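Here is what each chain is made of, one letter per residue.
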Amino acid sequence: MTAVHTAPTGEAANSAEPIIRARNVSVEFKLNRKSTVQAVSGVSIDVTPRSSVGLIGESGSGKSTLARALLGLVPVSSGTVEWEGQDISRLTAAQMRRFRTTAQMVFQDPHSSLDPRRRILTSIIEPLTVLGIGSKSERQERAEQMLSLVGLRMDQAMRFPHQLSGGQKQRACIARALIVEPKILVCDESVAALDVALQAEILNLLSDLRDKLDLALVFISHDLSVVAHISDRMHVMYLGETVEEGTTEQITASPQHEYTTTLLASQLTVDGQQRERADKAAQTAQEARS
Ligand code: ADP
Ligand code: MG
(Lines give C-alpha, C1' and ligand atoms only; values in the text may rest on other atoms or scores of the structure.)
(Ligands and ions follow the chains in the order given, each with its own letter.)
Protein backbone atom coordinates (compact mmCIF):
# COMPACT_ATOMS: atom_id res chain seq x y z
CA MET A 1 0.00 0.00 0.00
CA THR A 2 1.39 3.36 -0.99
CA ALA A 3 1.22 6.54 1.03
CA VAL A 4 -0.68 9.62 -0.07
CA HIS A 5 1.23 10.92 -3.04
CA THR A 6 1.76 14.47 -4.10
CA ALA A 7 2.54 15.32 -7.69
CA PRO A 8 3.92 18.24 -9.58
CA THR A 9 1.15 20.38 -10.99
CA GLY A 10 0.94 22.72 -13.94
CA GLU A 11 1.42 20.06 -16.60
CA ALA A 12 -0.75 20.60 -19.64
CA ALA A 13 -3.81 18.64 -18.55
CA ASN A 14 -5.47 18.88 -21.94
CA SER A 15 -2.69 17.15 -23.82
CA ALA A 16 -2.84 14.06 -21.57
CA GLU A 17 -4.73 10.91 -22.53
CA PRO A 18 -8.17 10.93 -20.90
CA ILE A 19 -8.75 8.61 -17.95
CA ILE A 20 -12.38 8.38 -18.98
CA ARG A 21 -13.53 8.96 -22.53
CA ALA A 22 -17.26 8.95 -23.22
CA ARG A 23 -18.60 9.04 -26.77
CA ASN A 24 -22.21 9.66 -27.83
CA VAL A 25 -23.53 8.40 -24.52
CA SER A 26 -27.28 8.09 -24.14
CA VAL A 27 -29.10 6.82 -21.08
CA GLU A 28 -32.74 5.85 -21.18
CA PHE A 29 -34.87 4.87 -18.20
CA LYS A 30 -37.87 2.61 -18.64
CA LEU A 31 -40.74 3.95 -16.56
CA ASN A 32 -43.20 1.23 -17.52
CA ARG A 33 -43.93 -0.96 -20.52
CA LYS A 34 -44.92 2.00 -22.66
CA SER A 35 -42.90 5.01 -21.59
CA THR A 36 -39.24 5.82 -21.21
CA VAL A 37 -37.28 8.89 -20.10
CA GLN A 38 -34.33 9.98 -22.22
CA ALA A 39 -32.12 11.29 -19.38
CA VAL A 40 -28.92 11.74 -21.44
CA SER A 41 -28.72 12.06 -25.24
CA GLY A 42 -25.52 11.64 -27.22
CA VAL A 43 -23.04 13.28 -24.85
CA SER A 44 -19.28 13.06 -25.45
CA ILE A 45 -16.88 14.05 -22.69
CA ASP A 46 -13.26 13.45 -21.67
CA VAL A 47 -11.93 13.42 -18.15
CA THR A 48 -8.18 14.03 -18.38
CA PRO A 49 -5.67 13.77 -15.50
CA ARG A 50 -5.52 16.84 -13.23
CA SER A 51 -8.29 18.58 -15.16
CA SER A 52 -11.45 19.91 -13.74
CA VAL A 53 -14.54 19.71 -15.85
CA GLY A 54 -17.84 21.26 -14.80
CA LEU A 55 -21.31 20.04 -15.69
CA ILE A 56 -23.79 22.87 -15.44
CA GLY A 57 -27.52 22.78 -16.14
CA GLU A 58 -30.88 23.12 -14.47
CA SER A 59 -32.41 20.35 -12.39
CA GLY A 60 -33.41 17.38 -14.56
CA SER A 61 -30.95 18.20 -17.35
CA GLY A 62 -29.20 14.83 -16.94
CA LYS A 63 -26.05 15.84 -15.03
CA SER A 64 -26.26 13.15 -12.32
CA THR A 65 -27.24 10.45 -14.79
CA LEU A 66 -24.29 11.34 -17.03
CA ALA A 67 -21.94 11.21 -14.02
CA ARG A 68 -23.30 7.82 -12.99
CA ALA A 69 -22.89 6.54 -16.56
CA LEU A 70 -19.26 7.71 -16.56
CA LEU A 71 -18.65 5.61 -13.43
CA GLY A 72 -20.54 2.58 -14.73
CA LEU A 73 -23.22 2.98 -12.06
CA VAL A 74 -25.95 3.10 -14.69
CA PRO A 75 -25.79 1.27 -18.04
CA VAL A 76 -25.66 3.33 -21.24
CA SER A 77 -28.39 2.60 -23.80
CA SER A 78 -26.04 3.64 -26.60
CA GLY A 79 -22.55 5.06 -26.99
CA THR A 80 -19.43 4.03 -25.09
CA VAL A 81 -17.57 4.88 -21.91
CA GLU A 82 -13.91 3.92 -22.00
CA TRP A 83 -11.49 3.76 -19.11
CA GLU A 84 -7.82 3.46 -20.09
CA GLY A 85 -9.03 2.51 -23.56
CA GLN A 86 -11.37 -0.26 -22.41
CA ASP A 87 -15.16 -0.26 -22.71
CA ILE A 88 -16.34 -0.24 -19.09
CA SER A 89 -19.37 -2.38 -19.91
CA ARG A 90 -16.94 -5.22 -20.72
CA LEU A 91 -14.74 -5.11 -17.61
CA THR A 92 -14.13 -8.30 -15.66
CA ALA A 93 -15.12 -8.30 -11.98
CA ALA A 94 -11.49 -7.72 -10.96
CA GLN A 95 -11.09 -4.84 -13.43
CA MET A 96 -14.37 -3.35 -12.21
CA ARG A 97 -13.05 -3.37 -8.63
CA ARG A 98 -9.98 -1.45 -9.80
CA PHE A 99 -12.17 0.96 -11.79
CA ARG A 100 -14.26 1.58 -8.63
CA THR A 101 -11.16 2.85 -6.86
CA THR A 102 -10.25 5.07 -9.85
CA ALA A 103 -13.32 7.25 -9.56
CA GLN A 104 -15.21 8.22 -6.41
CA MET A 105 -18.25 10.40 -5.82
CA VAL A 106 -19.13 13.06 -3.25
CA PHE A 107 -22.84 13.87 -3.05
CA GLN A 108 -24.98 16.84 -2.11
CA ASP A 109 -26.15 15.83 1.33
CA PRO A 110 -23.26 14.80 3.59
CA HIS A 111 -25.64 13.73 6.34
CA SER A 112 -27.41 11.04 4.34
CA SER A 113 -24.06 9.87 2.90
CA LEU A 114 -22.83 8.93 6.38
CA ASP A 115 -24.25 6.13 8.51
CA PRO A 116 -25.85 7.87 11.53
CA ARG A 117 -25.04 4.90 13.82
CA ARG A 118 -21.35 4.80 12.99
CA ARG A 119 -18.50 6.97 14.10
CA ILE A 120 -17.16 9.21 11.33
CA LEU A 121 -13.82 7.34 11.37
CA THR A 122 -15.55 4.01 10.68
CA SER A 123 -17.37 5.53 7.71
CA ILE A 124 -14.15 7.00 6.35
CA ILE A 125 -12.38 3.61 6.57
CA GLU A 126 -15.34 1.65 5.18
CA PRO A 127 -14.37 1.75 1.45
CA LEU A 128 -11.04 0.08 2.33
CA THR A 129 -12.85 -2.54 4.40
CA VAL A 130 -15.35 -3.23 1.61
CA LEU A 131 -12.63 -3.50 -1.05
CA GLY A 132 -10.33 -5.49 1.26
CA ILE A 133 -7.47 -2.99 0.95
CA GLY A 134 -4.69 -2.91 3.56
CA SER A 135 -4.29 -4.34 7.05
CA LYS A 136 -6.12 -2.90 10.04
CA SER A 137 -3.20 -0.70 11.03
CA GLU A 138 -2.61 0.42 7.44
CA ARG A 139 -6.27 1.42 7.15
CA GLN A 140 -6.04 3.38 10.37
CA GLU A 141 -2.88 5.10 9.17
CA ARG A 142 -4.44 5.98 5.82
CA ALA A 143 -7.53 7.37 7.60
CA GLU A 144 -5.31 9.59 9.74
CA GLN A 145 -3.66 10.95 6.58
CA MET A 146 -7.09 11.64 5.07
CA LEU A 147 -8.27 13.48 8.18
CA SER A 148 -5.31 15.81 8.07
CA LEU A 149 -5.80 16.36 4.32
CA VAL A 150 -9.41 17.48 4.74
CA GLY A 151 -8.79 19.41 7.96
CA LEU A 152 -10.53 17.23 10.54
CA ARG A 153 -9.14 16.21 13.94
CA MET A 154 -9.17 12.68 15.31
CA ASP A 155 -11.49 13.67 18.18
CA GLN A 156 -13.99 14.94 15.58
CA ALA A 157 -13.64 11.70 13.64
CA MET A 158 -14.54 9.76 16.80
CA ARG A 159 -17.96 11.47 16.87
CA PHE A 160 -21.22 10.46 15.22
CA PRO A 161 -22.51 12.40 12.17
CA HIS A 162 -25.14 14.39 14.13
CA GLN A 163 -22.33 15.73 16.33
CA LEU A 164 -20.60 17.52 13.43
CA SER A 165 -21.50 20.62 11.40
CA GLY A 166 -22.55 20.39 7.75
CA GLY A 167 -19.13 21.55 6.57
CA GLN A 168 -17.32 19.03 8.81
CA LYS A 169 -19.56 16.23 7.55
CA GLN A 170 -18.81 17.17 3.94
CA ARG A 171 -15.08 17.09 4.79
CA ALA A 172 -15.61 13.57 6.17
CA CYS A 173 -17.37 12.53 2.95
CA ILE A 174 -14.44 13.87 0.93
CA ALA A 175 -11.99 11.93 3.15
CA ARG A 176 -14.06 8.78 2.63
CA ALA A 177 -14.01 9.27 -1.16
CA LEU A 178 -10.25 9.93 -1.21
CA ILE A 179 -9.19 7.05 1.00
CA VAL A 180 -9.08 4.62 -1.95
CA GLU A 181 -6.69 7.03 -3.75
CA PRO A 182 -8.91 7.76 -6.75
CA LYS A 183 -7.70 9.55 -9.85
CA ILE A 184 -11.10 11.17 -10.38
CA LEU A 185 -13.40 12.78 -7.86
CA VAL A 186 -16.96 13.40 -9.02
CA CYS A 187 -18.70 16.06 -6.93
CA ASP A 188 -22.44 16.03 -7.52
CA GLU A 189 -23.91 19.26 -6.12
CA SER A 190 -21.44 18.76 -3.25
CA VAL A 191 -21.76 22.29 -1.90
CA ALA A 192 -25.45 22.88 -2.69
CA ALA A 193 -26.58 22.08 0.86
CA LEU A 194 -24.05 24.45 2.45
CA ASP A 195 -24.34 28.19 3.07
CA VAL A 196 -22.35 30.56 0.87
CA ALA A 197 -19.32 31.01 3.17
CA LEU A 198 -19.00 27.24 3.64
CA GLN A 199 -19.41 26.69 -0.10
CA ALA A 200 -16.31 28.79 -0.74
CA GLU A 201 -14.40 26.92 1.99
CA ILE A 202 -15.21 23.49 0.54
CA LEU A 203 -14.55 24.65 -3.05
CA ASN A 204 -11.12 25.89 -1.99
CA LEU A 205 -10.44 22.61 -0.19
CA LEU A 206 -11.37 20.67 -3.33
CA SER A 207 -9.09 22.70 -5.56
CA ASP A 208 -6.22 22.36 -3.05
CA LEU A 209 -6.79 18.61 -2.98
CA ARG A 210 -6.84 18.45 -6.76
CA ASP A 211 -3.38 20.05 -6.84
CA LYS A 212 -1.96 18.02 -3.94
CA LEU A 213 -3.27 14.63 -4.98
CA ASP A 214 -3.04 14.82 -8.74
CA LEU A 215 -6.82 14.52 -9.02
CA ALA A 216 -9.20 15.12 -11.87
CA LEU A 217 -12.47 16.72 -10.78
CA VAL A 218 -15.87 16.40 -12.37
CA PHE A 219 -17.86 19.13 -10.77
CA ILE A 220 -21.65 19.16 -11.08
CA SER A 221 -23.87 22.06 -10.12
CA HIS A 222 -26.98 23.93 -11.19
CA ASP A 223 -25.14 27.07 -10.07
CA LEU A 224 -22.91 28.53 -12.76
CA SER A 225 -20.81 30.61 -10.38
CA VAL A 226 -19.95 27.49 -8.35
CA VAL A 227 -18.90 25.55 -11.45
CA ALA A 228 -16.96 28.50 -12.89
CA HIS A 229 -15.05 28.86 -9.60
CA ILE A 230 -13.47 25.44 -9.85
CA SER A 231 -13.58 24.26 -13.50
CA ASP A 232 -11.13 24.69 -16.37
CA ARG A 233 -13.74 23.44 -18.83
CA MET A 234 -17.52 23.37 -18.78
CA HIS A 235 -20.28 21.38 -20.39
CA VAL A 236 -23.61 23.15 -20.41
CA MET A 237 -26.39 20.55 -20.30
CA TYR A 238 -29.95 21.09 -21.36
CA LEU A 239 -32.60 18.35 -21.64
CA GLY A 240 -29.97 15.61 -21.58
CA GLU A 241 -27.70 17.13 -24.20
CA THR A 242 -24.49 19.10 -24.08
CA VAL A 243 -25.57 22.35 -25.74
CA GLU A 244 -22.23 24.03 -25.27
CA GLU A 245 -18.70 23.00 -24.29
CA GLY A 246 -15.49 24.94 -23.88
CA THR A 247 -13.09 26.53 -21.44
CA THR A 248 -14.67 28.35 -18.53
CA GLU A 249 -13.32 31.67 -19.86
CA GLN A 250 -14.79 31.08 -23.33
CA ILE A 251 -18.19 30.15 -21.98
CA THR A 252 -18.54 32.91 -19.41
CA ALA A 253 -17.06 35.60 -21.70
CA SER A 254 -18.88 34.73 -24.90
CA PRO A 255 -21.63 32.15 -24.53
CA GLN A 256 -22.68 30.70 -27.86
CA HIS A 257 -25.94 29.04 -26.93
CA GLU A 258 -29.14 30.80 -25.98
CA TYR A 259 -29.58 28.61 -22.90
CA THR A 260 -26.08 29.49 -21.62
CA THR A 261 -26.91 33.17 -22.04
CA THR A 262 -30.05 32.63 -19.97
CA LEU A 263 -28.02 30.83 -17.28
CA LEU A 264 -25.47 33.64 -17.19
CA ALA A 265 -28.15 36.32 -17.10
CA SER A 266 -30.02 34.66 -14.23
CA GLN A 267 -26.71 34.32 -12.41
CA LEU A 268 -26.06 38.05 -12.79
CA THR A 269 -29.55 38.83 -11.46
CA VAL A 270 -29.02 36.54 -8.47
CA ASP A 271 -25.57 38.01 -7.79
CA GLY A 272 -27.03 41.51 -8.14
CA GLN A 273 -29.81 40.71 -5.70
CA GLN A 274 -27.35 39.16 -3.24
CA ARG A 275 -25.18 42.26 -3.46
CA GLU A 276 -28.21 44.51 -2.95
CA ARG A 277 -29.29 42.52 0.11
CA ALA A 278 -25.74 42.54 1.52
CA ASP A 279 -25.49 46.32 0.96
CA LYS A 280 -28.86 46.85 2.68
CA ALA A 281 -27.84 44.67 5.64
CA ALA A 282 -24.55 46.58 5.99
CA GLN A 283 -26.42 49.89 5.83
CA THR A 284 -28.94 48.76 8.47
CA ALA A 285 -26.11 47.60 10.73
CA GLN A 286 -24.35 50.95 10.29
CA GLU A 287 -27.56 52.86 11.13
CA ALA A 288 -28.05 50.71 14.22
CA ARG A 289 -24.51 51.48 15.39
CA SER A 290 -24.73 55.27 14.86
P1 ADP B 1 -29.93 16.41 -12.92
O2 ADP B 1 -28.89 15.72 -12.14
O3 ADP B 1 -29.41 17.33 -13.96
O4 ADP B 1 -30.94 17.09 -12.05
P5 ADP B 1 -30.87 13.74 -13.53
O6 ADP B 1 -29.76 13.07 -14.23
O7 ADP B 1 -31.08 13.42 -12.10
O8 ADP B 1 -30.76 15.32 -13.75
O9 ADP B 1 -32.23 13.40 -14.28
C10 ADP B 1 -32.38 13.52 -15.69
C11 ADP B 1 -33.76 12.99 -16.08
O12 ADP B 1 -33.81 11.59 -15.87
C13 ADP B 1 -34.90 13.56 -15.25
O14 ADP B 1 -36.01 13.71 -16.09
C15 ADP B 1 -35.13 12.50 -14.21
O16 ADP B 1 -36.47 12.53 -13.76
C17 ADP B 1 -34.84 11.22 -14.98
N18 ADP B 1 -34.31 10.16 -14.12
C19 ADP B 1 -33.18 10.18 -13.39
N20 ADP B 1 -32.97 9.01 -12.74
C21 ADP B 1 -34.02 8.22 -13.07
C22 ADP B 1 -34.41 6.87 -12.73
N23 ADP B 1 -33.65 6.09 -11.92
N24 ADP B 1 -35.55 6.41 -13.24
C25 ADP B 1 -36.31 7.16 -14.08
N26 ADP B 1 -36.01 8.41 -14.44
C27 ADP B 1 -34.89 8.94 -13.95
MG1 MG C 1 -28.56 15.78 -10.06
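Just so you know, the residues in each chain are numbered from 1, in the order the chain's sequence is written. Think of it this way: whatever chain is written first is A, whatever ligand is written first is 1, and the rest follow in order. A pLDDT threshold of at least 70 governs which residues receive local features in this predicted model, and a stricter bar of 80 or more applies before side-chain atom pairs are shown or counted, although totals over entire chains, interfaces and linings include all residues. The basis for the side-chain values is all heavy atoms of the structure; hydrogens and waters are excluded.

- The chain carries the name Oligopeptide transport system ATP-binding protein in an unreviewed UniProt entry, which gives Brevibacterium jeotgali as its organism.
- We quote the UniProt Sequence similarities (unreviewed entry) comment for the chain here in full: "Belongs to the ABC transporter superfamily." UniProt positions are given in the numbering used here, feature names are shortened, and annotations may be inferred rather than shown by experiment.

1. Quick notes on the side chain of S52
Move 1: A helix here means a DSSP run of H or I that spans at least four residues, while a strand means a run of E at least two residues long, and both kinds are numbered starting from the N terminus. Along the chain, S52 falls in strand β3 (residues 52–56).
Move 2: Counting of polar contacts relies on pairs of N or O atoms within 3.5 Å, with two restrictions inside protein: one atom must be capable of donating a hydrogen and the other of accepting it, and residues adjacent in sequence are counted only when both atoms are side-chain atoms. Polar side-chain contacts of S52 include one of 3.1 Å to the side chain of R210.
Move 3: In what follows, a contact means two residues having at least one pair of non-hydrogen atoms within 4.5 Å. Those residues within four positions of S52 in sequence are excluded, and the remaining contacts are R210, L217, I230, S231, D232 and R233.

2. Some details on the packing of helix α4 (residues 120–131) against helix α7 (residues 166–178)
Move 1: For helices, the fitted line uses only the C-alpha atoms of the stretch in contact; every axis is such a line through C-alpha atoms, and the angle between N-to-C directions lies from 0 to 180 degrees. Packing of α4 against α7 leaves a shortest axis separation of 7 Å and a crossing angle of 25°. When the interaxial angle is binned, α4 and α7 end up roughly parallel. Handedness of the crossing formed by α4 with α7: right-handed. Touching I120, S123, I124, E126 and P127 of α4 are A172, A175 and R176, all from α7. An angle counts as roughly parallel when it lies under 35 degrees, as roughly antiparallel when it exceeds 145, as roughly perpendicular when it falls between 65 and 115, and as oblique in every other case. Two helices cross in a left-handed way if the nearer one is turned anticlockwise from the farther one by less than a right angle. They cross in a right-handed way if the turn is clockwise.

3. Brief notes about the site of ligand 1
Move 1: The environment of ligand 1 is formed by F29, L31, V37, A39, E58, S59, G60, S61, G62, K63, S64 and T65.
Move 2: Measuring from an oxygen atom of ligand 1, one finds a side-chain N or O atom of K63 at 2.8 Å.
Move 3: Here the open area of atoms and residues is found with the Shrake-Rupley method and a 1.4 Å probe, where only the protein chains shown may cover a residue. Here ligand 1 has 560 Å² of accessible area as a free molecule, and 62% of this is covered by the chains.
Move 4: Considering each element in turn, the shell around ligand 1 owes the most residues, three residues, to helix α1 (residues 63–70). Note on definitions. A residue lies near a molecule or strand when any single heavy atom of the residue is within 4 Å of it.

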